[in-house]
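Report on the structure
Take a look at the letters that make up each chain.
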Amino acid sequence: SSRAAELLNLPVQVLSPAPFIAAVLRSRNLADSTLIAPDAGAAARCEAVRLELRSMQPILIAKKTRSSAGVSTKLSGTVSKSCVIIDDILDTGATLVACARELQRAGAEEIYVFVTHGLFTGDRWQELFAVGVKQIWCTNSVPGAQTRGANIEMLSVTEFAASILMD
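Since we're looking at a predicted model, the values are computed, not measured. Here the residue numbering is sequential within each chain, running from 1 through the sequence in written order. Local features in a predicted model are, by the rule used here, given only for residues with pLDDT of at least 70; side-chain atom pairs are given and counted only at 80 or more, and totals for whole chains, interfaces and linings are based on all residues. The basis for the side-chain values is all heavy atoms of the structure; hydrogens and waters are excluded.

Secondary structure is summarised from DSSP: a helix means a run of H or I of at least four residues, a strand means a run of E of at least two, and numbering begins at the N terminus for each. Structurally, the position occupied by Asp87 is in strand E5 (residues 82-90). Partly exposed describes any residue whose relative accessible area lies between the buried limit of under 20% and the exposed limit of over 50%, with all areas from a 1.4 Å probe on protein chains only and scaled to the type maximum. The exposure class assigned to Asp87 is buried, which follows from its relative accessible area of 6%. Here, residues are in contact when the closest pair of their heavy atoms is within 4.5 Å. Filtering out sequence-adjacent residues up to four positions away, Asp87 remains in contact with Pro38, Ala42, Arg45, Leu96, Phe114, Val115 and Thr116.

Shown next as structure tokens:
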């Protein structure tokens, strides 16, 4: 971010989605859910949300592997009845499907997904609902992205920015 500020010669403020995600989870009575990072790259994001929620529950980080057969996930730790997978982008959904499938095997009864950017490429992401995902939340940050069903809620990126800047 400081590099961007140097190049543009403009003030730059990095906006973390953690306060916004935490507010959404609190408003849906999901603040005590197990937070799941679907891969190592999402761990810091999940931890930031956990801190915003002031949750004592540890996050779980899924170990993702790719092979010619596709994406697979392994979880270590105990999941609660309710789990929220937090990631930056939902593109094809392969990583999130593998993670949700593993959560279902581990005994999660309610699985939710929160992604900052929803691309919804192809059809694979629709399997999320078949493997137990009840709701997907994403911001409307991707121009032209459409909600694709009753279980997907597009959240205003304007509200996201305002919620952070007003703190």
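Note on definitions: salt bridges are taken to be side-chain nitrogens of Lys or Arg within 4 Å of carboxyl oxygens of Asp or Glu. Following the criterion strictly, the structure yields eight salt bridges and no others. As a salt-bridge pair, Glu127 and Arg101 come within 3.6 Å of each other at their nearest N and O atoms. One end of the pair, Glu127, is in helix H5 (residues 127-130); the other, Arg101, is in helix H4 (residues 94-105), with 26 residues separating them in the sequence. For Arg124, the salt bridge goes to Glu127, with nearest N and O atoms at 3.0 Å. Judged by its relative accessible area of 33%, Arg124 is partly exposed. Classification of Glu127 by relative accessible area gives partly exposed; the value is 29%. The network of salt bridges with common partners includes Arg45, Asp87 and Asp88.

A word on the sheet that holds E5. The strands making up a sheet associate through backbone hydrogen bonding, with each pair oriented either parallel or antiparallel. Taking strand neighbours across the sheet as the criterion, the six strands line up as E2-E1-E5-E6-E7-E8 in an open arrangement whose pairing is parallel. Two strands bound the open sheet, and with one partner strand each, they are strand E2 (60-61) and strand E8 (152-155). Along the sheet, helix H3 (residues 43-53) contacts strand E1 (34-37), E2 and E5; its crossing angle with E1, the most-contacted strand, is approximately 160°. Strands were regarded as paired on the criterion that DSSP finds at least two bridges between them. Note on geometry: axes are C-alpha line fits, over the in-contact stretch for helices, and angles between N-to-C directions span 0 to 180 degrees.

Judged from the five bridges that link them, strand E3 (residues 63-67) and strand E4 (residues 70-74) form a sheet pairing that is antiparallel. Bridging from a neighbouring strand, Lys64 pairs with Thr73 of E4. Hairpin remark: E3 followed by E4, antiparallel, with two residues in the connecting loop.

Turning next to the nonpolar core. Generally speaking, nonpolar side chains in soluble globular proteins are found buried as a group. Among the nonpolar cores identified, the biggest contains 25 residues, and Ile36, Ile85, Leu90, Leu103 and Leu128 are the most heavily contacted of them. Put simply, the parts of the chain that give this core at least two residues each are E5, H4, strand E6 (110-118) and strand E7 (133-139). If one sorts the elements of this core by residue count, H4 sits on top with five residues. When sequence neighbours within four positions are dropped, the list of residues in contact with Ile36 reads Cys46, Leu60, Leu75, Cys83, Val84, Ile85, Ile86, Cys99 and Leu103. By nonpolar core is meant a set of buried Ala, Val, Leu, Ile, Met, Phe, Trp, Tyr and Cys residues that side-chain atoms within 4.5 Å join together.

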